[in-house]
Amino acid sequence: MGLSRLAALHGVATSYSPSPDVTVSVPDDTVIAVLAALGVDAGTPADVRKCLAAAESRSRLLPPTVVVWAGEPLPPALAGLPPGSTITVEPEPPGPPGHPATRPPAPLSMRARAGVPAAPVTSPGEPAPARGEGAVPVPGEAAPASGEGAEGSTPAWWIPPPHGVHRMHVRTPDNRRATATLVAAPARVPQPAERTHGFLVQLYSLLSARSWGMGDLGDLADLAGWAGRSIGSGFVQVNPLHAAVPGKPTDPSPYRPSSRRFPDPVHLHVESIPEYGHVRDRATLDDLRQDAAALSEAVLNKGALIDRDAVWELKRQALELVVQVPLTPGRRADYCDFLAEQGQALEDHALWCALAEVHGPDWHTWPEALRDPRSPGTARARSELLDRVDFHCRLAWLTAGQLAAAQRAAEDAGMGVGIVHDLAVGVHPAGADTWSQQEAFAHGMSVGAPPDAFNARGQDWGLPPWRPDVLAATGYAAYRGLLRGLLAHAGALRIDHVMGLFRLWWVPEGRPPTDGTYVAYDAEAMLAVLVLEAHRARAAVVGEDLGTVAPGVREALARRGVLGTSVLWFERDWEGDGRPLAPEAWRRDCLATATTHDLPSTAARLTGDHVTLRHRLGLLTRSLEEELTEDATDTAEWLALLARLRMLPEGDGDEEAAVRAVHRFLRRTPALMTGVWLPDTVGDRRPQNLPGTWDQYPNWRLPIADPEGHPVTLEEITASPRLHTLMEVLRPRKPRTAPPGERRP
């Protein structure tokens, strides 16, 4: 009982429910290990009693973080303060970090009073966002009632602070004092201005005629410019472009990066860097370009896999020459501004990169003095490696510049959203983020998933989780910096496993995923910071909410304007007859798609090729015949629905027609965003990632290919008749304009 109580006080679950009618107890050893990772010693009954007594004796006037939503009533932590309490709010400086205001904002002071008439809430200096920016209720959502954000629900003594993350100090009449982080956030994330469609693509797989062996940011800008102008697309969603852990080989997964805060310079289009044209050693550059052309030729025409390490080696050599070119005064000023804006976070990241060049990519194996980013030994190493630190800072700046250029290309092409960037759920345990933010991570723990109907053994993703207590104590600084960096050049942000804002499955090191447990995060604070930063960037947010989702999570996300993800094959009436969900029954607040990077392509799904692939790799848990029968039945139900809705006029047996029918169906749903998997446009049958495999399948290393598996370039994709025929079904029909003589007055 004592251990359960102690665990509950720290947000650690002692049981979980994989299904509504099943409850599984978490082993005590797991609970004790997780508490230890949170700094709580529960190793013996005496330790439990001691920690429990200490925790229950602490009386907090305020929680570590208080959230105030614009236009909504004050939270109980503020509304319940004793009358006469004084509240002082120190607003955060305006502008990005590193550029403090010349005159700090004046503190806001107020006194809680009882029996004072209420007043509506608006944030000074921040008008309510217009339609399309999250200001209006979702259709079908009731307007807020009195006491739920309606006028008159907030005390008149409350002075709404501007949107931001502030420090708040409270003193009660009996002289109790408390300090907390105050997050003042808009009510909702900005929304797409209208329904739109776009492409989903793994950038590395999109090679053009000018690529250096893998797709790059130049290719992304080109795709966005073409799709916006020629197809009328509103967005392009890409895989995470986070900095990878260097190595031979580098982990190719974009979902296990060294740092989520900074992008990987392997995505640079080297020739687009302004200084490239002024490199004096042209002969070396020409040799590197020839080697890069050979890499691309091998991938496109000789069956080679994408070799990220080989690509980076060529680009690194070219970039070493590029950075020797002096910056022009304007470029130098821009670089200095970037350094100031990014501050300590960039310096730490660049230093880790420099140290990894000398001591290897796992900081746990470095000399002991260098394992602490704030040690005197690390400070000396920084001085000794100053040129290499500047090199990696320069690469971060150059990459940010090309990310900005890609978003500008999308906007110039008329895209309403633009580039949708992807936020991975965590980072590599040996990477830059875990080194520079050691106190923020629960070392000895890994994020994963509990056992479920699809995976009886659970999952361990090898990603150390953030400590919720440290996030709260630091005002969510690391999380805020991460979001601000990702949103700087994004039209929208996709969040992988968005349920992680609420809770994560922690697996103690050395134990199977079945021996994990859920750890809760302050979802209100996590959501408020997300909404705040998205509002500042005027960016939409898409949450990947597939799989096991706790009750209330989707509703909480929808209330804040975070779109969900709906994949056609999973959208069934699970609470009814289990049949495919009719298009009008789909939710509006989502990105609707036929597949994702972890699922079969639409052609492979329709033909059953994905089942035979898993059979060849020994991944099936039942006989091939059973799996094929079940898969065919599932597909037939969907095709029958498409036929009944007259979306498949060509009849059975036409694969391309069936793919078009699937996308006609998606377009008929009310979904705000419809995503088309770019490989689907040319009939690619190969998944980019096959969960449950490592070296059995070339995950994250395949170029986009045609139905026969022959790689196709960006130029060939954009000229593909199959693509253009498919995309016609997603174009909004324009009303017919009558000839002048037929127009009504």
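For the structure, check the block above.
Residues numbered from 1 in each chain as written. Predicted model: local features only at pLDDT ≥ 70, side-chain atom pairs only at ≥ 80, totals over all residues. Heavy atoms only, no water.

### So, the overall build of the protein chain
From N to C terminus, the protein chain includes 21 helices and 23 strands. Relative to its length of 745 residues, the protein chain is compact, with a C-alpha radius of gyration of 27 Å against a globular reference of 27 Å. With respect to the principal axes defined by its C-alpha atoms, the protein chain has extents near 75 × 70 × 65 Å. A sequence separation of at least 24 residues applies to 73% of the contacts in the protein chain between residues at least 6 apart. (Helix = DSSP H or I, 4+ residues; strand = E, 2+ residues; numbered from the N terminus. Rg over C-alpha atoms; globule rule 2.2 N^0.38 Å. Contact = heavy atoms within 4.5 Å.)

### Some points on the sheet that holds strand E18 (residues 503–508)
With antiparallel pairing, four strands are arranged side by side in an open sheet as E16-E15-E18-E19. Edge positions in the sheet fall to strand E16 (459–463) and strand E19 (517–520), since each of these pairs with one other strand and no more. In this sheet, neighbouring strand axes are inclined to one another by 50° on average, regardless of whether the strands run parallel or antiparallel. Strands in contact with helix H2 (residues 28–37) are strand E15 (445–449), E18 and E19; relative to E18, the strand with the most contacts, it is inclined by about 105°. (Pairing = 2+ DSSP bridges. Axes fitted to C-alpha atoms, helices over the stretch in contact; angles between N-to-C directions.)

### A look at the environment of Leu530
Within the fold, Leu530 resides in helix H14 (residues 523–537). A relative accessible area of 0% places Leu530 in the buried class. Leu530 sits 15 residues away from Asp545 along the chain, and the two C-alpha atoms are 16 Å apart. Apart from the residues within four sequence positions on either side, Leu530 is in contact with Tyr479, Leu483, Ile495, Leu501, Val541 and Val562. (Buried < 20%, exposed > 50% of the residue type's maximum accessible area, 1.4 Å probe, protein only.)

### So, the pairing of strand E10 (residues 196–201)
E10 sits mainly inside the fold: six of its six residues count as buried. Here E10 pairs with strand E11 (residues 235–238) via four bridges, running parallel. Looking at E11, one finds that Val201 is bridged to Val238. For the crossover from E10 across helix H5 (residues 217–231) to E11, the handedness is right-handed. (Right-handed = clockwise from strand over helix to strand, strands pointing away.)

### Some thoughts on the nonpolar core
Counting residues in hydrophobic clusters, the biggest one holds 72 residues, and the most contacted among them are Tyr479, Trp506 and Leu530. Counting residues per element, this core draws most heavily on H14, at 10 residues. (Core = buried A, V, L, I, M, F, W, Y, C linked by side-chain atoms within 4.5 Å.)

### Remarks on unusual backbone geometry
In this structure, the amide linkage connecting Lys248 to the following residue, Pro249, adopts the cis form with an omega of 5°. Locating Pro249 in the fold gives a position in the loop between strand E12 (242–243) and strand E13 (259–263). For Arg646, which is not glycine, the phi dihedral falls at a positive 60°. Along the chain, the position of Arg646 falls in the loop between helix H18 (624–644) and helix H19 (655–668). The phi dihedral of Trp700 is positive, around 65°, even though this residue is not glycine. Mapped onto the secondary structure, Trp700 falls in the loop between strand E23 (673–677) and helix H20 (714–718).

### As for the side chain of Glu72
Along the chain, the position of Glu72 falls in the loop between strand E3 (65–69) and helix H4 (76–79). Within the local environment of Glu72, its side chain forms a polar contact with the side chain of Arg559, the two groups lying 3.4 Å apart. (Polar contact = N/O pair within 3.5 Å; in protein donor to acceptor, adjacent residues only side chain to side chain.)

### Here's the deal with the sheet that holds strand E8 (residues 164–171)
Taken together, five strands build an open sheet; the order of strands is E3-E9-E8-E4-E5 and the sheet is mixed. With partners counted over all chains shown, the strands left at the sheet margins are E3 and strand E5 (108–111), one partner each. On average, each strand axis in the sheet is inclined to that of its neighbour by 25°, with strand direction left out of account. When strand E4 (residues 86–90) meets E8, the two strands line up antiparallel, connected through five bridges. Bridged to Glu90 within E8 is Arg167. Lying on the sheet, H14 is in contact with E3, E8 and strand E9 (177–185); it crosses E3 at an angle near 50°.

### Let's talk about the environment of Asp47
Relative to the assigned elements, Asp47 resides in helix H3 (residues 45–57). Classification of Asp47 as partly exposed rests on a relative accessible area of 22%. Taking the C-alpha atoms as reference points, Asp47 and Val89, separated by 42 residues in sequence, lie 38 Å from one another. Sequence-distant contacts of Asp47, that is, excluding residues within four places in its chain, are made with Asp41 and Ala42.

### What to know about the pattern of salt bridges
Between side chains of opposite charge, pairing is possible as soon as their charged atoms come close. Under the criterion given, the structure shown has 38 salt bridges. A salt bridge links Arg388 to Glu320; the nearest nitrogen and oxygen atoms lie 2.9 Å apart. Of the two residues, Arg388 sits in helix H10 (residues 386–412) while Glu320 sits in helix H7 (residues 308–322), which places them 68 residues apart along the sequence. Its salt-bridge partner being Arg660, residue Glu650 comes within 3.3 Å of it at the nearest N-O pair. (Salt bridge = Lys/Arg side-chain N within 4 Å of Asp/Glu carboxyl O.)

### What to know about the state of the cysteines
Scanning the model with the defined rule gives zero disulfides in all. Of all cysteine sulfurs, the one in Cys393 lies closest to Cys353, which takes part in no disulfide; the gap is 9.0 Å. Residue Cys393 is classed as buried on the basis of its relative accessible area of 7%. (Disulfide = S-S within 2.5 Å.)

### Some thoughts on the pairing of E11
Every second residue of E11 is oriented toward a common face, with Phe235 and Gln237 on one face and Val236 and Val238 on the other, all of them buried. Across three bridges, the pairing between E11 and strand E14 (residues 418–423) is parallel. From the neighbouring strand, Phe235 faces E14, where its bridge partner is Gly418.

### A word on the packing of aromatic side chains
What the rule picks out here adds up to 14 aromatic pairs. Here the aromatic rings of Tyr255 and Trp700 are separated by 5.6 Å at their centres, their planes lie at 45°, and the arrangement is tilted. Residue Tyr255 is found in the loop between E12 and E13, and its partner Trp700 is found in the loop between E23 and H20; the two are separated by 445 residues along the sequence. Note on Trp700: relative accessible area 9%, which makes it buried. Ring geometry for Trp466 against Tyr479: centres 6.1 Å apart, planes inclined by 80°, an arrangement best described as edge-to-face. Remark: Tyr479 occurs in helix H13 (residues 477–487) and Trp466 occurs in the loop between E16 and helix H12 (468–473); sequence separation between them is 13 residues. Here the guanidinium or amino end of Arg394 rests over the ring plane of Tyr335, the centre of that ring lying 5.4 Å away. (Phe/Tyr/Trp six-rings, centres within 6.5 Å; stacked < 30°, edge-to-face > 60°. Lys NZ or Arg CZ within 6 Å of the ring centre and 35° of its normal.)

Note that every value here comes from positions in space, so none of it alone points to a role or purpose.
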